[in-house]
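# Overview (structure and organization)
Here are the chains, one letter per residue:
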Amino acid sequence: MKKLLTASFAVVFVLMAVIIAGCGGDKAIPGAKVELNLLTLLPENATGIMQMNFSKFSQLDFFDKMVKEKKESKIDDPKKMFKDYEDFVAKTGIDPKKDIYSLAVAFAGEVSIAARAGKDQDFVTVINLNYDREKIMSLLKEKGAKYTEEAYKGLKILNVEEEDQNNIAVCFIDNKTIAAGKNEIVKKVIDLVKGEGQSVLKNARLKPYIDQFKSNVILSFVFEFPENAKKVQDSGMIKMDLSKAEVIQGSVDYDANALTGIIEMISNNEQANKDLANTLNGLKGMGAMAGPDVAELVNNINITGSADRITLTFTITDELAEKLKAKVEEKTEEIVTYPNE
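I will try to describe carefully the structure that is included in this document. The structure presented is a predicted model; accordingly, all values stated were derived computationally and were not measured.

Turning to the sheet that holds strand E6 (residues 168–174), a few remarks are in order. Overall, antiparallel pairing links the 12 strands, which are arranged E4-E5-E6-E7-E3-E2-E1-E8-E11-E12-E14-E13 in an open sheet. Of all the strands in the sheet, the pair left with one neighbour each is strand E4 (147–152) and strand E13 (301–305). Adjacent strand axes in the sheet meet at a mean angle of 15 degrees, parallel and antiparallel pairs treated alike. Sheet topology note: the E4/strand E5 (residues 155–160) ladder contains six bridges and is antiparallel. Within the sheet, the bridge partner assigned to Tyr 147 lies in E5 and is Val 160. On top of the sheet, helix H8 (residues 183–193) reaches strand E2 (100–108), strand E3 (122–129), E4, E5, E6 and strand E7 (177–181); it is set at about 45 degrees to E3, its chief contact.

A cluster of nonpolar side chains, Met 237, Met 286 and Met 289, forms an exposed patch at the surface whose accessible area comes to about 400 Å². Mapped onto the secondary structure, Met 237 falls in the loop between strand E9 (232–234) and strand E10 (239–241). A relative accessible area of 59% means that Met 237 is categorised as exposed.

Now for the packing of aromatic side chains. Going through the model one piece at a time under the given rule, you end up with seven aromatic pairs. Seen in terms of ring centroids, Phe 54 and Phe 63 are 6.1 Å apart; in terms of plane orientation they differ by 85 degrees. Their pairing is edge-to-face. Relative accessible area serves as the criterion here: at 0%, Phe 54 is assigned to the buried category. Centre to centre, the rings of Phe 221 and Phe 223 are 6.2 Å apart; their planes meet at 45 degrees, and the pair counts as tilted. Accessibility expressed as a relative area gives 9% for Phe 221, which makes it buried.

It is worth spelling out the environment of Ala 258 at this point. Considering the arrangement of structural elements, one finds Ala 258 in strand E12 (residues 258–267). The exposure class of Ala 258 is buried, given its relative accessible area of 7%. Separated by 57 residues in the primary sequence, Ala 258 and Thr 315 have C-alpha atoms spaced 6.4 Å apart.

Across the interface, helix H4 (residues 85–92) lies against helix H7 (residues 133–142) with an axial gap of 8 Å and an inter-helix angle of 105 degrees. The angle between H4 and H7 falls in the class roughly perpendicular. Here Ala 90, Lys 91 and Thr 92 of H4 come into contact with H7, specifically with Lys 135, Ile 136 and Leu 139. Taken together, the residues of the contact of H4 with H7 break down into three nonpolar, one polar and two charged.

Reading the values: the criteria
Residues numbered from 1 in each chain as written. Predicted model: local features only at pLDDT ≥ 70, side-chain atom pairs only at ≥ 80, totals over all residues. Heavy atoms only, no water. Pairing = 2+ DSSP bridges. Helix = DSSP H or I, 4+ residues; strand = E, 2+ residues; numbered from the N terminus. Axes fitted to C-alpha atoms, helices over the stretch in contact; angles between N-to-C directions. Contact = heavy atoms within 4.5 Å. Patch = residues over 30% accessible without salt bridge, like charges linked within 9 Å, V, L, I, M, F, W, Y side chains within 5 Å. Areas by Shrake-Rupley, 256 points an atom, 1.4 Å probe, with all protein chains shown as cover. Salt bridge = Lys/Arg side-chain N within 4 Å of Asp/Glu carboxyl O. Buried < 20%, exposed > 50% of the residue type's maximum accessible area, 1.4 Å probe, protein only. Phe/Tyr/Trp six-rings, centres within 6.5 Å; stacked < 30°, edge-to-face > 60°. Parallel < 35°, antiparallel > 145°, perpendicular 65-115°, else oblique. Nonpolar A, V, L, I, M, F, W, Y, C, P; charged D, E, K, R; others polar.

Here is the structure:
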């Protein structure tokens, strides 16, 4: 994320990138001390929605292990604003484990188009947390952050000036809620706060899938399938008929020492779905030849095709994750030790 203004919640976005959970309908967000459904603050014209139950995630041993490994890392980047987790807490006054409850993200536009154009995807993130606005502002001034203040419907928006011109706007909505993202989308969040406009819960295309979001998992998400990808794609090895694809939806959770998830592509094209599932399962068989650890991984991935969707489910135990991590570190060490071989 951005270097300065978003530093106060950079940890949130880093962790979000690691595990991309939440709730739908009008239920309260599990773990949140403020009964706020963040989806009601996301604009109706969103093309993708992601919501994370951060309270559940931060209580996992996995979270503590991530923090510990980051702290013990020997890599010291002088450009980093924070040395480690403790330094982040000390400077921002925010302890993610205790103070961040949940977050929701709305994306705008087609992801593939934005990526091909080399631009950041338009988005807004709304976070439910405990924070001290004055402490964050003092940190920004101390670090020399360049920003302008803009008044909008009784609230203040901070527009950060970034060297890459991918500026970001932040609004401290109240003492429990922060919105950050593209200026025009942050303003739509403020509109909703003021009781104006419609939220994504009125989005006829996404609402049926948002209603399926589970309140007891770490992550739930749904994205419209990009129009420019709705076609028959043939790379030689894989032929995919995506002409009737509608959305990608899924969820990720952690329970009983295992990461589990489901990803589905909704597409009313039964034969194409079954053909693609068969192809992907064939690739699984090829991947299993890479070794016993990889074989165990692919055997824990199930892919099926039905009349209206392709479904992928996976389970990665802690034990398997550790073995795969060790394998990657071993290969990385070999590359570093023998760079010319």
